[in-house]
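Structure assessment
If you want the building blocks of each chain, they are given just below.
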Amino acid sequence: MLMKFKAIVIDIDGTITHRDRKLSLNAAAKLRTLDVPVVIATGNVLCYAKAAAKLVGVCCNIIAENGGVIVDGFDNEPIVSDVIHECEEAYEFLSSGFDMEKLDSVHRRTEIVLRSNFDVEKAREVLGTHFPNIEIIDTHFAIHIKSKKINKGTGLFKMAELMALETTDFVAIGDSINDLEMLQEAGFAVAVGNADDFLKDIADYVSEASYGDGTVEAIDYLQSSGLI
Ligand SMILES: O=C(O)COP(=O)(O)O
Ligand SMILES: [Mg+2]
């Protein structure tokens, strides 16, 4: 029997936006029509993700800060992972040698995010083995200093529990490195056309179209194949 997936978990930047982060109206319109719940999973802070979810019209189960912050309902208290201290220490360690500009630091609770204006490879080298639980990732939209213990995959695991679903009940859609674990954890993985090659390699479906139009194409495919 054909597997019917019960929910969708979807990235924001690069997946329901254009290259310049403007919302893809096509993707928003498509997501709004779905009968299955749509969970937003993003590297952005919770208030940004909540506003995006509300405006797109999917609301309101959200995985923010790459899994560090999770909320199941617009007005509920978020679950916040206790991982910021080591990220702060890694940032302090690096900041004397690099010209780093923090983004959204007032609202960010579990990771440090930086503008993409410094040599990330070099920073990883300098970090070396000093912080074994910390990684630096580049989503093409920002640089994240984050705990290795947290990602959108661990976030999806918690969210699935909150929704009384299995992670394999989800279709996951994304575009970059911070979506990797989520796509691996989900029952069906979609990479949009602009996605990194390593994401396309592990995806069950790779859209020809890029950005928001890639999401529309993938959802059309899921619907016409009876997968959702
Ligand atoms: O926060 C980022 O760097 C990218 O955000 P995204 O996870 O919504 O693509
Ligand atoms: Mg993205």
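Residues numbered from 1 in each chain as written. Chains lettered and ligands numbered in written order. Predicted model: local features only at pLDDT ≥ 70, side-chain atom pairs only at ≥ 80, totals over all residues. Heavy atoms only, no water.

- Looking at an unreviewed UniProt entry, the protein chain carries the name Phosphoglycolate phosphatase, with the source organism given as Methanolobus vulcani.
- Turning to the protein chain, the UniProt record has this under Sequence similarities (unreviewed entry): "Belongs to the archaeal SPP-like hydrolase family."
- UniProt lists a comment for the protein chain under the heading Cofactor (unreviewed entry), and it reads "Mg(2+)". (UniProt positions renumbered as here; feature names shortened; annotations may be inferred.)

**Topic: the nonpolar core**
- Core analysis: the largest hydrophobic core is formed by 34 residues, its most contacted members being Ile 8, Leu 31, Ile 40 and Val 171.
- For this core, the leading source of residues is helix α2 (residues 46-56), giving five residues.
- In this structure, Ile 8 is in contact with Leu 34, Val 36, Pro 37, Val 38, Val 39, Phe 170, Val 171, Ile 173 and Ile 228, ignoring residues within four places of it in sequence.
- In this structure, Ile 63, Ala 160, Leu 183 and Ala 189 belong to the second largest nonpolar core, which totals 22 residues. (Core = buried A, V, L, I, M, F, W, Y, C linked by side-chain atoms within 4.5 Å. Buried < 20%, exposed > 50% of the residue type's maximum accessible area, 1.4 Å probe, protein only. Helix = DSSP H or I, 4+ residues; strand = E, 2+ residues; numbered from the N terminus. Contact = heavy atoms within 4.5 Å.)

**Section: the state of the cysteines**
- By the definition in use, this model includes one disulfide.
- There is a disulfide in this structure between Cys 59 and Cys 60, and the S-S distance comes to 1.8 Å.
- Overall, Cys 60 belongs to the buried group, its relative accessible area being 11%.
- Sulfur of Cys 47: no disulfide; nearest cysteine sulfur belongs to Cys 60 and is 14 Å away. (Disulfide = S-S within 2.5 Å.)

**Regarding the site of ligand 1**
- Asp 11, Ile 12, Asp 13, Thr 42, Gly 43, Asn 44, Thr 139, Ala 142, His 144, Lys 152 and Asn 178 make up every residue found near ligand 1.
- Asp 11 places a polar side-chain atom, nitrogen or oxygen, 2.7 Å from an oxygen atom of ligand 1.
- Separating an oxygen atom of ligand 1 from a side-chain N or O atom of Asn 44 is a distance of 3.4 Å.
- Contact with the protein chains covers 98% of the free accessible surface of ligand 1, which is 280 Å². (Near = heavy atom within 4 Å. Polar contact = N/O pair within 3.5 Å; in protein donor to acceptor, adjacent residues only side chain to side chain. Areas by Shrake-Rupley, 256 points an atom, 1.4 Å probe, with all protein chains shown as cover.)

**What about the sheet that holds strand β4 (residues 69-72)?**
- The strand order across the open sheet formed by eight strands is β5-β4-β3-β2-β1-β9-β10-β11, and the pairing between neighbours is mixed. Two strands in the sheet have a free side with no partner beyond their single neighbour: β5 (79-80) and β11 (205-206).
- In the sheet, strand β1 (residues 7-10) pairs with strand β9 (residues 170-174) via four bridges, with the strands oriented parallel. Across the sheet, the residue bridging to Ile 8 is Val 171, located in β9. (Pairing = 2+ DSSP bridges.)

**Points about the UniProt feature "binding site: Mg(2+)" (unreviewed entry) in the protein chain**
- Those places that UniProt annotates as "binding site: Mg(2+)" (unreviewed entry) correspond, in this numbering, to Asp 11, Asp 13, Asp 175 and Asp 179. The greatest C-alpha distance among the residues just named is 10.8 Å, despite their covering 169 residues of sequence, which places them together in space.
- Here Asp 11 is to be found in the loop between β1 and α1 (25-32).
- Those residues in contact with Asp 11 that sit more than four places away from it in its chain are Ile 16, Ala 41, Thr 42, Lys 152, Ile 173, Gly 174, Asp 175, Asp 179 and Met 182.
- For Asp 11, the side chain forms a polar contact with the side chain of Lys 152, separated by 2.8 Å.
- Inspection of the secondary structure assignment puts Asp 175 in the loop between β9 and α6 (180-185).

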